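# Examination of the molecular architecture
Below are the chains, spelled out letter by letter.
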Amino acid sequence: MTAISLGPSAARRDVLARRIRLLVAATITYNVIEAAVALTAGTLASSTALIGFGLDSVIEVSSGAAVAWQFSAREHAVREAREKTTLRIIALSFFALAAYVAVDAVRALMGTAEAKSSIPGIVLAAFSLAVMPFLSAAQRRAGRELGSASAVADSKQTLLCTYLSVVLLVGLVLNATLGWSWADPIAALVIAVIAVKEGRNAWQGKGCCAPSAVAAPTVDTEADGTCGCRPDCDCCN
């Protein structure tokens, strides 16, 4: 069954835009602190994974700043016009992170540096694992309802931090408890692979969900379980 949706009203779009601005501000603030702790602890421990985690936080700040710039415009048309530029910034940030972390991880695996255990890193990874999923989910819901691919892409950047927290935590714990220093660069390579995937999605503009101001076909949720979103979007992922 096919239906036509005109998307959220102008008033609702304004509410969602304000919500996204607040969530982006909270995420940027947290990531500034996270980056400072991770980069300091990673440098002290010669931990490629921890440094990569800190750099991801820096990139999340730049990604969030790009989205904040986009949504600083009050007019919906201006925000939509800035969408592609914002997505490009997010994608290039992912690719830069992947390149740096991959090179540094290979260098570590070749024996040029051996990671030490890092208790501050373990605490940071555990705390981020508890905080980031909530920020990501809230922004993703708002972005999908608004039909903003950049807001959804930025929320996935935040969600990536959750995945990285798991990978980082496992690598740091294995190193601290079993002395498996090789677990650290392996964890870093996993981080790089995830970053490339998310960067490609952002570059392609995936993540859009609801139609915006113009009419667009949606698919009935009861027919095939696609959440009522356009078939070219990944709204249920």
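Every value quoted in this text rests on a predicted model; they were computed, and no experiment measured them. Within each chain, residues carry numbers counting from 1 in the order of the written sequence. In keeping with the model being predicted, local features are shown solely for residues with a pLDDT of at least 70 and side-chain atom pairs are shown and tallied solely at 80 or more, while totals for entire chains, interfaces and linings include all residues. Side-chain measures here rest on the full set of heavy atoms in the structure, leaving out hydrogens and waters.

## Digging into the overall build of the protein
Quick note on the threshold: Secondary structure elements follow DSSP: runs of H or I of four or more residues count as helices, runs of E of two or more count as strands, with numbering from the N terminus. The buried label goes to any residue with under 20% of its type's maximum accessible area, the exposed label to any with over 50%, and the partly exposed label to all in between, with areas taken from a 1.4 Å probe on protein chains only. The contact criterion used throughout is that any non-hydrogen atoms of two residues lie within 4.5 Å. Per-residue and other accessible areas follow the Shrake-Rupley method at a 1.4 Å probe size, with only the shown protein chains counted as cover for residues.
Each helix and strand in the protein was counted, giving eight helices and two strands. Starting at the N terminus, the α and β elements of the protein follow one another as β-α-α-α-α-α-α-α-β-α. Looking at the protein as a whole, 50% of its 237 residues are labelled buried. Sequence-distant contacts, at least 24 apart, represent 77% of the contacts inside the protein between residues at least 6 apart. Of the roughly 10600 Å² of accessible surface on the protein, a fraction of 68% belongs to carbon and sulfur atoms.

## Points about the environment of Ala 153
Mapped onto the fold, Ala 153 is located in helix H6 (residues 149-178). According to the relative accessible area criterion, Ala 153 is buried, its value standing at 6%. Along the sequence, Ala 153 and Gln 139 sit 14 residues apart, while their C-alpha atoms lie 9.7 Å from each other. Each residue touching Ala 153, except ones within four places of it in the same chain, is listed here: Leu 87, Ile 90 and Ala 202.

## Looking at the nonpolar core
To keep it simple, the criterion reads: Side-chain atoms within 4.5 Å link the members of a nonpolar core, which is a set of buried Ala, Val, Leu, Ile, Met, Phe, Trp, Tyr and Cys residues.
By size, the foremost hydrophobic cluster in this structure holds 47 residues, and its most contacted members are Ile 20, Leu 50, Phe 53, Val 67, Phe 71, Ile 90 and Leu 168. Looking at this core, the elements with two or more residues in it are helix H1 (10-45), helix H2 (48-71), helix H4 (83-109), helix H5 (119-146), H6 and helix H7 (183-203). Among residues more than four places away in sequence, those in contact with Ile 90 are Ser 63, Val 67, Ser 150, Ala 153, Asp 154 and Ala 202.

## Some remarks on the pattern of salt bridges
Which entries qualify depends on this criterion: Here, a salt bridge means any Lys or Arg side-chain nitrogen found within 4 Å of an Asp or Glu carboxyl oxygen.
The full count for this structure, using the stated rule, is one salt bridge. Put simply, Glu 145 and Arg 12 hold a salt bridge, and the shortest N to O gap is 2.7 Å. Residue Glu 145 is located in helix H5, and its partner Arg 12 is located in helix H1; the two are separated by 133 residues in the primary sequence.

## Re the packing of H2 against H5
How two helices pack is summed up by the angle between their axes together with the distance between the axes. Cut-off, in case you're wondering: Lines fitted to the C-alpha atoms define the axes, with helices restricted to the stretch that makes contact. Angles between their N-to-C directions range from 0 to 180 degrees. Oblique is the label for any angle not under 35 degrees, not over 145, and not in the 65 to 115 range, which are roughly parallel, roughly antiparallel and roughly perpendicular in turn. In a left-handed crossing the near helix is turned counterclockwise from the far helix by less than a right angle, and in a right-handed crossing that turn is clockwise.
Running from N to C, H2 and H5 cross one another at 25°; their axes reach a closest spacing of 13 Å. The angle between H2 and H5 places the two elements in the roughly parallel class. As for how H2 packs across H5, the hand of that crossing is left-handed. Residues Leu 50, Phe 53, Glu 60 and Phe 71 of H2 form the contact with H5, whose own contacting residues are Gly 121, Leu 124, Ser 128, Met 132 and Leu 146.

## Quick notes on a nonpolar patch on the surface
To keep things clear, this is the line we draw: Patch definition: residues with relative accessible area over 30% and no salt bridge; like charges joined within 9 Å; nonpolar side chains (Val, Leu, Ile, Met, Phe, Trp, Tyr) joined within 5 Å.
A cluster of nonpolar side chains, contributed by Leu 109, Leu 178, Trp 180, Trp 182, Ile 186 and Val 190, occupies part of the molecular surface with about 550 Å² of accessible area. Assignment of secondary structure puts Leu 178 in helix H6. Exposure remark for Leu 178: the relative accessible area of 49% places this residue in the partly exposed category.

## Description of the environment of Ala 41
As for its placement among the helices and strands, Ala 41 is situated in helix H1. Taking the C-alpha atoms as reference, Ala 41 lies 6.3 Å from Gly 121; in sequence the two are 80 residues apart. Contacts of Ala 41, omitting those with residues within four sequence positions, involve Leu 50, Ser 118 and Pro 120.

## Considering H5
Under the convention used in this document: Here the expected span of a helix is defined as 1.5 Å times the quantity of residues minus one. Bend at a residue means the angle formed by two fitted axes: the first through the 7 residues ending at that position, the second through the 7 residues beginning there. Two N or O atoms count as a polar contact when they lie within 3.5 Å, although within protein this holds only if one can serve as hydrogen donor and the other as acceptor, and sequence-adjacent residues are included solely when both atoms are side-chain atoms.
For H5, built from 28 residues, the straight-helix expectation of 40 Å at 1.5 Å per residue is met to within 8% by its first-to-last C-alpha distance of 41 Å. Taking the largest bend as the criterion, H5 deviates by roughly 30°, centred on Leu 129, and proline Pro 133 comes between one and four positions later. A distance of 3.1 Å separates the backbone nitrogen of Gly 121 from a side-chain oxygen at the start of H5, and that oxygen is part of Ser 118.

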